[in-house]
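Chain residues, written in single-letter form:
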Amino acid sequence: MHLALFIIFGLLCLGGALNLLLQQHPINSALSLIVVMSSLAVLYLLLGAEFLALAQIIVYSGAIMVLFVFVIMLLNAGLEEKTRGSRAAYLAGIPGMLALFGVLAGTFFTLRSSFGSARLGAYLATTHDLAQVLFRNLLLPFEVTSILILVAILGAVVLARKEH
Amino acid sequence: MSVPIAWYLILSAALFSIGVCAFLIKRNIISIFMSIELMLNAVNLAFVAFANRWHQVNGQIFVFFVMVVAAAEAAVGLAIIIAVFRSRNTLNVDQIDLMKL
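Counting starts from 1 at the beginning of each chain's written sequence and moves along it residue by residue. Both sets of labels track the order of writing: A upward for chains, 1 upward for ligands. Restriction of local features to residues with pLDDT of at least 70 applies here, the model being predicted, together with a cutoff of 80 or more for giving and counting side-chain atom pairs; totals for whole chains, interfaces and linings are based on all residues. Note that water and hydrogens are dropped before the side-chain values are worked out from all heavy atoms of the structure.

J.: Quick question: what am I supposed to make of the domain arrangement of chain A here?
T.: Many descriptions give the size of an interface as the accessible area lost when the pieces come together. What the domain assignment lists for chain A is domain 1 (1–78) and domain 2 (126–164). The split of the chain into domains comes from an automatic or database domain assignment. Between the C-alpha centres of domain 1 of chain A and domain 2 of chain A the distance comes to 23 Å.

Given below as structure tokens:
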């Protein structure tokens, strides 16, 4: 069950990410990113992170991606133009991607026995556990991030406002 | 039936590499911004996998903070994109080169 769900949603993730890479139109990239984020939420659920799975759906696929789609429609973004820079980027990007993936995956694969394995339902971090750590040990960082959000709201309004 | 944690980590590595590649290849500033979000998501998956491995919630708290910072970053970044589009009337990063020598 766990294996089947992992394979289905892992492949959906990979397919969505590759589609993001290959699509020329930003709106198609945005929609495939929503697929990636929603499948990641299922993977979080499999790993026993129920709160994060819901936060992923609400914050990422909900709020952030709606913002992206909204900006794409607002700016009427069309097809990407091919430029001189893009050829150099292809030459550097694809071998770089393969090299990075090779190094990371090779490391994880050689260390695979020390990571162990995840069984469905063996570990579940409840909202209660999260709140214990978040509001007791990490209260100051939590408050600082709320200030960060406030600054970000003000910054976004100031930057996007029309100048008179 | 159990799934090795290493598979989750390899999936996370694959998503991160695709994000890096998209960051380099894409010419549209919004697509570049979306590939940054993809990389953040890949790292989040690694955090959750490690939280499961060590049975500690600290990894999940970290993901929570990454989500908050990503939301703030998306709001400010998209506002900057709108401001750039207003002044330059383009979304192509090759044409936004005022600071290039």
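We are not done yet, so read on.
J.: Which parts of the structure should I look at to understand unusual backbone geometry?
T.: Both trends apply: most residues other than glycine have a negative phi, and most peptide bonds are in trans. All names here are of chain B. A positive phi is found at His55, a non-glycine position, where the angle reads about 55°. Checked against the element boundaries, His55 lands in the loop between α2 (29–54) and α3 (58–88). Positive phi values are uncommon outside glycine, yet Asn89 reaches one of about 65°. Helix and strand labels come from DSSP, where a helix needs a run of H or I of at least four residues and a strand needs a run of E of at least two; each type is numbered from the N terminus. With respect to the element layout, Asn89 can be found in the segment after α3.

J.: When you look at the packing of aromatic side chains in this model, what are you seeing that I'm missing?
T.: We describe a pair of aromatic rings using the distance from one ring centre to the other and the angle between the two ring planes. Pairs were defined over the aromatic rings of Phe, Tyr and Trp, the Trp ring being its six-membered one, requiring ring centres within 6.5 Å. Orientation was assigned from the angle between planes: stacked under 30 degrees, edge-to-face over 60, tilted for the rest. Per the stated rule, a full pass over the model turns up nine aromatic pairs over all chains. Between A:Phe68 and B:Phe33, the aromatic rings sit 5.5 Å apart at their centres with planes inclined by 45°, giving tilted as the arrangement. Here A:Phe68 is found in helix α3 (residues 50–75), whereas its partner B:Phe33 is found in helix α2 on a different chain. Considered together, A:Phe68 and B:Phe33 belong to a single accessibility category, that of buried residues. For the ring pair A:Phe115 and B:Phe50, a centre distance of 5.6 Å and an interplane angle of 65° mean the geometry is edge-to-face. In this pair, A:Phe115 is assigned in helix α5 (residues 112–115) and B:Phe50 in helix α2, connecting two distinct chains. For each residue, the accessible area found with a 1.4 Å probe, counting protein chains only, is set against the maximum for its type, and the residue is called buried under 20%, exposed over 50%, and partly exposed in between.

J.: For this particular structure, what's the right way to read α2(B)?
T.: All names here are of chain B. Along its 26 residues, α2 runs 38 Å from first to last C-alpha, staying within 8% of the 38 Å computed at 1.5 Å per residue. Counting buried positions along α2 gives 19 out of 26 residues, so the element sits mostly inside the fold. Two N or O atoms count as a polar contact when they lie within 3.5 Å, although within protein this holds only if one can serve as hydrogen donor and the other as acceptor, and sequence-adjacent residues are included solely when both atoms are side-chain atoms. For α2, the side-chain oxygen to backbone nitrogen distance between the N-cap and Ile30 is 2.9 Å, and the N-cap itself is Asn28. Multiplying one less than the number of residues by 1.5 Å gives the expected span of a helix.

J.: Explanation requested: the environment of B:Phe62 in the structure shown.
T.: The residue B:Phe62 is located in helix α3 in this model. Measuring from C-alpha to C-alpha, the distance between B:Phe62 and B:Met1 comes to 28 Å, with 61 residues separating the pair along the chain.

J.: Whenever I open this one, the packing of α3(A) against α3(B) confuses me. Can you help?
T.: The relative placement of two packed helices is expressed as an angle between their axes plus a distance between the axes. For helices, the axis comes from a line fit to the C-alpha atoms of the stretch in contact; other axes are also lines fit to C-alpha atoms, and the angle between any two N-to-C directions lies between 0 and 180 degrees. It is the contact of α3(A) with α3(B), at a shortest axis distance of 11 Å, that shows an interaxial angle of 5°. Between α3(A) and α3(B), the angle falls in the class roughly parallel. Classification used: nonpolar for Ala, Val, Leu, Ile, Met, Phe, Trp, Tyr, Cys and Pro, charged for Asp, Glu, Lys and Arg, polar for all others including Gly. Across the contact of α3(A) with α3(B), the residue classes tally to 22 nonpolar, two polar and no charged. The scheme is simple: roughly parallel for angles under 35 degrees, roughly antiparallel for over 145, roughly perpendicular for 65 to 115, oblique for anything else.

J.: Hey, could you run me through the interface of chain A and chain B in this one?
T.: In what follows, residue pairs with any heavy atoms lying within 4.5 Å of each other are defined as contacts. Counting residues at the interface gives 83 residues for chain A, matched by 72 residues for chain B. Joining two parts hides part of their accessible area as seen by a 1.4 Å probe, and the buried area is that hidden amount summed over both. Summed over both partners, the interface of chain A with chain B comes to about 7100 Å²; 79% of that surface belongs to carbon and sulfur atoms. Among the residues of chain A in contact with chain B, A:Phe68, A:Leu75 and A:Tyr123 are the three that bury the most area, contributing 10% of the side total. One speaks of a salt bridge when a side-chain nitrogen belonging to Lys or Arg is within 4 Å of a carboxyl oxygen belonging to Asp or Glu. At the junction of chain A with chain B, the criterion picks out zero salt bridges. Connecting chain A to chain B are 13 residue pairs in polar contact (both at pLDDT 80 or more). For the side of chain A that touches chain B, the secondary structure elements donating two or more residues are α1 (2–22), α2 (26–46), α3, α4 (84–110), α5, β1 (117–119), α6 (127–137) and α7 (139–160) of chain A. Classifying every residue of the side of chain A that touches chain B gives 61 nonpolar, 15 polar and seven charged. Of the strand pairs in this sheet, β1(A) and strand β1 (residues 2–4) of chain B are connected by three bridges, and their pairing is antiparallel. Bridging from a neighbouring strand, A:Ala118 pairs with B:Val3 of β1(B). In this scheme, strands are said to pair when DSSP sees at least two bridges between them.

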